[in-house]
Each structure stands twice: as C-alpha cells, then as structure tokens.
Amino acid sequence: ALLLAPYIYLSQFVHPTADDINYACNTLSLDWCCAFVNEYCKWTGAYSSSALLLLSNFFIRHDFVFQLFPVLMLVLTWFSNYFLITSLSGNLLQTFSRVNLSFFLTLLFVFMMPSAAQGFFWMTGILAYQLGNVITLLHITFVINFIRKKFFVHRYFHLLITITLLAAAIGF
C-alpha cells in the first residue's frame, strides 16, 4: 500500500485538461443524448466510455471530483484484482495472502503501464480505459463464480449482473 502512496499524493494535482474540457463543451452545445449519439456514431464507437465521458460537464466544475477519480480507480483496480483472486483461489489462500497478491498485481499493473499519467491522472484515460479494465476483471470474476455455482444473491440475479458487466465492458 505504501508503494501506491505517491500516486495518491499526485492525484491532488489533477485538473481538467484538453479532452475533459472538450467533452464538457460537447454537452454545452448539444443536449446529452445528441452529444452521445454524435460521439458514438462519429467519433469513438464506444458506448460505455462515451456515456461516462459526456458526464464530465458535471465534474468539471469541481476539482475535488477530478482529484478523487485517480484514487477511486486505484482502489477499484485493487478490489477487482482481489475479487478475481478470491474466486480463483477459493479457500486455498488465506485473506492476508489474497490481499497481498492483489496489491502485487495492482502494483505490477500500475508500474508496467506505458503512461501512468494517462492511465490514472487523466479523466478521459480513467473512464475510457482503466474503468473498462476494472469492469472486465469483475465480469471474469462473476463468470468464474457462476461456473462454480457461487451465486451472488440468486442465480438469475447473478446472471443479470454478469450480462450487464459484459455489455458494459464491450462498450469501452
């Protein structure tokens, strides 16, 4: 956890930049639905990230929100790694080992990232790429648990969440 401290510290310097402002301006000139259709059909072709990025108009007014996103993504990356390891290992690993392995995988991912600035400190990178990684890991975890018949609440509810995560992951 101490190795992630510099990333958490650096998040206080995150502010809206180029693409963040561009997405916010798109929703100022068009309503959100028209801006979404425009982004999806004429620019990215990614529905999940486009829908979220066009919400940056609401975030751009508050620097605190921009500074919170990198920390939130680091935590979500760790959680998705933890849930995947837990579902893969079952009872073979103790909680302490799963926590440490999750931190190791998160650190490995962060340190091997070609550009941490674009992956964790740029809102467009966070919402277009990193969130897609987190959702994909969660989807894989739900699939593994479904195969092992370890359902979240109920079988059909678990299947609904699994399909929703797949649809969201495809849209990044």
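In case you missed it, the structure is sitting above this.
Let me sum up the structure you'll find in this document. (Residues numbered from 1 in each chain as written. Predicted model: local features only at pLDDT ≥ 70, side-chain atom pairs only at ≥ 80, totals over all residues. Heavy atoms only, no water.)

**Thoughts on the overall build of the protein chain**
Okay, step 1: Looking only at helices and strands, the protein chain has 10 helices and zero strands in total.
Okay, step 2: Start at the N end of the protein chain and walk to the C end: the helices and strands fall as α-α-α-α-α-α-α-α-α-α.
Okay, step 3: With the C-alpha coordinates of the protein chain rotated into their principal frame, the extents come out at 55 × 40 × 25 Å.
Okay, step 4: Expressed as a percentage of the 172 residues in the protein chain, the buried residues total 41%. (Helix = DSSP H or I, 4+ residues; strand = E, 2+ residues; numbered from the N terminus. Buried < 20%, exposed > 50% of the residue type's maximum accessible area, 1.4 Å probe, protein only.)

**A look at the environment of A24**
Okay, step 1: Mapped onto the elements, A24 comes out in helix α2 (residues 18-29).
Okay, step 2: As a C-alpha pair, A24 and F13 span 11 residues in sequence and 20 Å in three-dimensional space.
Okay, step 3: Not counting chain neighbours up to four residues away, the residues in contact with A24 comprise S56, N57 and I60. (Contact = heavy atoms within 4.5 Å.)

**A closer look at α2**
Okay, step 1: Over its 12 residues, α2 extends 17 Å from the first C-alpha to the last, a length consistent with the 16 Å expected when each residue adds 1.5 Å.
Okay, step 2: Looking at α2, one finds that the buried residues are D20, Y23, A24, N26 and T27. For α2, the buried positions fall inside an angular range of 150 degrees around the axis, keeping them on one side. Set apart from the buried face of α2 by more than 90 degrees, the exposed residues are A18, L28 and S29.
Okay, step 3: Check the buried side of α2 and you find it contacts α3 (32-42), α4 (47-53), α5 (56-59), α6 (63-89) and α9 (123-147). (Expected span 1.5 Å × (residues − 1). Arc of directions from axis to C-beta.)

**As for the nonpolar core**
Okay, step 1: One finds Y7, L74, F120 and L127 to be the most contacted residues of the largest nonpolar core, which totals 29 residues.
Okay, step 2: For this core, the secondary-structure elements that each account for two or more residues are α3, α4, α6, α7 (95-112), α8 (116-120), α9 and α10 (155-170).
Okay, step 3: Setting aside residues no more than four positions away along its own chain, L74 makes contact with L4, Y7, I8, T106, V110 and F120. (Core = buried A, V, L, I, M, F, W, Y, C linked by side-chain atoms within 4.5 Å.)

**Description of the layout of surface pockets**
Okay, step 1: Taken as a whole, the largest pocket holds about 170 Å³ of empty space.
Okay, step 2: Lining the largest pocket are D19, Y23, T44, A46, S49, L53, W122, T124, A128, Y129 and F172.
Okay, step 3: Contributions of two or more residues to the lining of the largest pocket are made by α2, α4 and α9.
Okay, step 4: Here the lining of the largest pocket takes three residues from α9, the largest share from any one element.
Okay, step 5: Residue composition of the lining of the largest pocket, grouped by class: seven nonpolar, three polar and one charged. (1 Å grid on protein atoms, 1.4 Å probe; cavity = no way out; pocket = protein on both sides within 12 Å on 5 of 7 lines; lining within 4 Å. Points joined across faces, edges and corners; volume = space filled by probe spheres on them. Nonpolar A, V, L, I, M, F, W, Y, C, P; charged D, E, K, R; others polar.)

**Focus: the packing of α6 against α7**
Okay, step 1: Running from N to C, α6 and α7 cross one another at 130 degrees; their axes reach a closest spacing of 8 Å. Judged by the inter-axis angle, α6 sits oblique to α7. Where α6 crosses over α7, the handedness of that crossing is right-handed. Between α6 and α7, the residues in contact are L74, T77, W78, N81, Y82, I85, T86 and S89 and T95, R98, V99, L101, S102, F103, L105, T106, F109 and V110, respectively.
Okay, step 2: Its residues assigned to classes, the contact of α6 with α7 shows 10 nonpolar, seven polar and one charged. (Axes fitted to C-alpha atoms, helices over the stretch in contact; angles between N-to-C directions. Parallel < 35°, antiparallel > 145°, perpendicular 65-115°, else oblique. Left-handed = near helix turned anticlockwise from the far one by under 90°.)

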